[in-house]
Amino acid sequence: MHPIVRLVNRNLTISLNPGFLIWQVIFPLIYIFVAGFAYAPLINQVPFGAKDLDYPAFLASGMIGFNIMNSTLVSGIIIWNDRRHGMFEQIMSGPFTRSHYILSNICTIGIVGLVSATLIALVGYPVFFESVEFSLITIPIIIFGAITGSVLFGSLASIISTRLRSSEGFNVIINTVFLFFAFVSTAFYPAAGAPEPLKSAFYLNPLTYLVDVIRAGIFGNITEFVIFEMIILVGIASILFVIASKLLTKLDF
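Scoring rules and cut-offs
- Residues numbered from 1 in each chain as written.
- Predicted model: local features only at pLDDT ≥ 70, side-chain atom pairs only at ≥ 80, totals over all residues.
- Heavy atoms only, no water.
- UniProt positions renumbered as here; feature names shortened; annotations may be inferred.
- Helix = DSSP H or I, 4+ residues; strand = E, 2+ residues; numbered from the N terminus.
- 1 Å grid on protein atoms, 1.4 Å probe; cavity = no way out; pocket = protein on both sides within 12 Å on 5 of 7 lines; lining within 4 Å.
- Points joined across faces, edges and corners; volume = space filled by probe spheres on them.
- Nonpolar A, V, L, I, M, F, W, Y, C, P; charged D, E, K, R; others polar.
- Axes fitted to C-alpha atoms, helices over the stretch in contact; angles between N-to-C directions.
- Parallel < 35°, antiparallel > 145°, perpendicular 65-115°, else oblique.
- Left-handed = near helix turned anticlockwise from the far one by under 90°.
- Contact = heavy atoms within 4.5 Å.
- Core = buried A, V, L, I, M, F, W, Y, C linked by side-chain atoms within 4.5 Å.
- Buried < 20%, exposed > 50% of the residue type's maximum accessible area, 1.4 Å probe, protein only.

Topic: the UniProt feature "transmembrane region" (unreviewed entry) in the chain
Then, in step 1: In the numbering used here, UniProt assigns the "transmembrane region" (unreviewed entry) feature to residues 20–43, 55–80, 101–128, 134–160, 172–192 and 225–248.
Then, in step 2: For residues 55–80, the helix share is 96%, the strand share is 0%, and the end-to-end C-alpha distance is 38 Å.
Then, in step 3: In residues 134–160, helix accounts for 85% and strand for 0%; the two terminal C-alpha atoms are 37 Å from one another.

As structure tokens, this is what we get:
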């Protein structure tokens, strides 16, 4: 078996435990079916492109992007735990290189991101099925969002994990950063109508672009701006991936 495949299998065995999978479904379910319908009387329609969406449909589609981001925390957690418990040294004593380790983490977060996106799409489908406009590019766009978002946020989690040694510091920083991304984005509410500078902050947040791209694929609203957002996502993901790879290559475990 190829070394990268062996490491990916090891990472998935660690990450995809029943508790993690349940949390990845239960948490979005609470938002979609509790918060979504609770706020629906206050937010009747949300404009998105050329159509108006019910708030539960808007929220359910946003939770796909949110869950992709949230699932990539496993990358930082794996790296941090390997550093803390000396697992990296044991891995390096086998037929593995640092390149194998880096690429296996990227493959892991890509797989976890796709699984997460699929789960939430299936869970949320009863909520947004009336507004769905599937086309030949719907599935490719969702896959694009899942992989690009996983690499982007997984690389960011990896960068944070390489710079911190204490468990308290790691948990505080990574949760603060990801909470900021979650709530200063269009995952839960539209940017239109938000006061400045909050509205501008939405579009400094890569999660906003990820959520917009996924919604565009689901609701058939592919525009030039959405294509521009896809290019931005690829650019940010590439930059963060290079930085994370360099830090992991030079890191003294």
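Having put the structure on the table, let's press on.
Brief notes about empty space enclosed by the protein
Then, in step 1: For the structure shown, the criterion picks out two cavities of 30 Å³ or more.
Then, in step 2: Approximately 40 Å³ is the volume found for the largest cavity.
Then, in step 3: Lining of the largest cavity is provided by Ser75, Ile102, Asn105, Ile106, Ser155, Ser158, Phe241, Ala244, Ser245 and Leu248.
Then, in step 4: Breaking the lining of the largest cavity down by element, the ones donating at least two residues are α6 (98–128), α7 (138–163) and α11 (224–250).
Then, in step 5: In terms of residue count, α11 provides more of the lining of the largest cavity than any other element does, four residues in total.
Then, in step 6: Here the lining of the largest cavity is composed, by residue class, of five nonpolar, five polar and no charged.

Here we look at the packing of helix α3 (residues 55–71) against α6
Then, in step 1: Where α3 contacts α6, the axes come no closer than 8 Å and their chain directions differ by 165°. Between α3 and α6, the interaxial angle falls into the category roughly antiparallel. The element α3 and its partner α6 pack so that their crossing is right-handed. Along its contact with α3, which presents Pro56, Ala57, Ala60, Ser61, Met63, Ile64, Asn67, Ile68 and Ser71, the element α6 presents Val112, Gly113, Ser116, Ala117, Ile120, Ala121, Gly124, Val127 and Phe128.

Some thoughts on the nonpolar core
Across soluble globular proteins, you tend to see nonpolar side chains buried next to one another.
Then, in step 1: Counting residues in hydrophobic clusters, the biggest one holds 63 residues, and the most contacted among them are Met69, Phe153, Phe178 and Ile218.
Then, in step 2: Excluding residues that lie within four positions of it along the chain, Ile218 makes contacts with Ser61, Ile64, Phe128, Val132, Glu133, Phe134, Thr138 and Ile142.
Then, in step 3: Within the second largest apolar cluster, nine residues are counted, among which are Ile78, Ile79, Tyr101 and Leu248.

Considering the packing of helix α4 (residues 73–85) against helix α8 (residues 167–183)
Then, in step 1: Close contact between α4 and α8 brings their axes to 12 Å; oriented N to C, the two are set at 170°. Classified by the angle between their axes, α4 and α8 sit roughly antiparallel to one another. Where α4 approaches α8, its residues Leu73, Gly76, Ile77, Trp80 and Arg84 are matched on the opposing element by Ser167, Phe170, Ile174 and Phe178.
Then, in step 2: For the contact of α4 with α8, the per-class residue count stands at six nonpolar, two polar and one charged.

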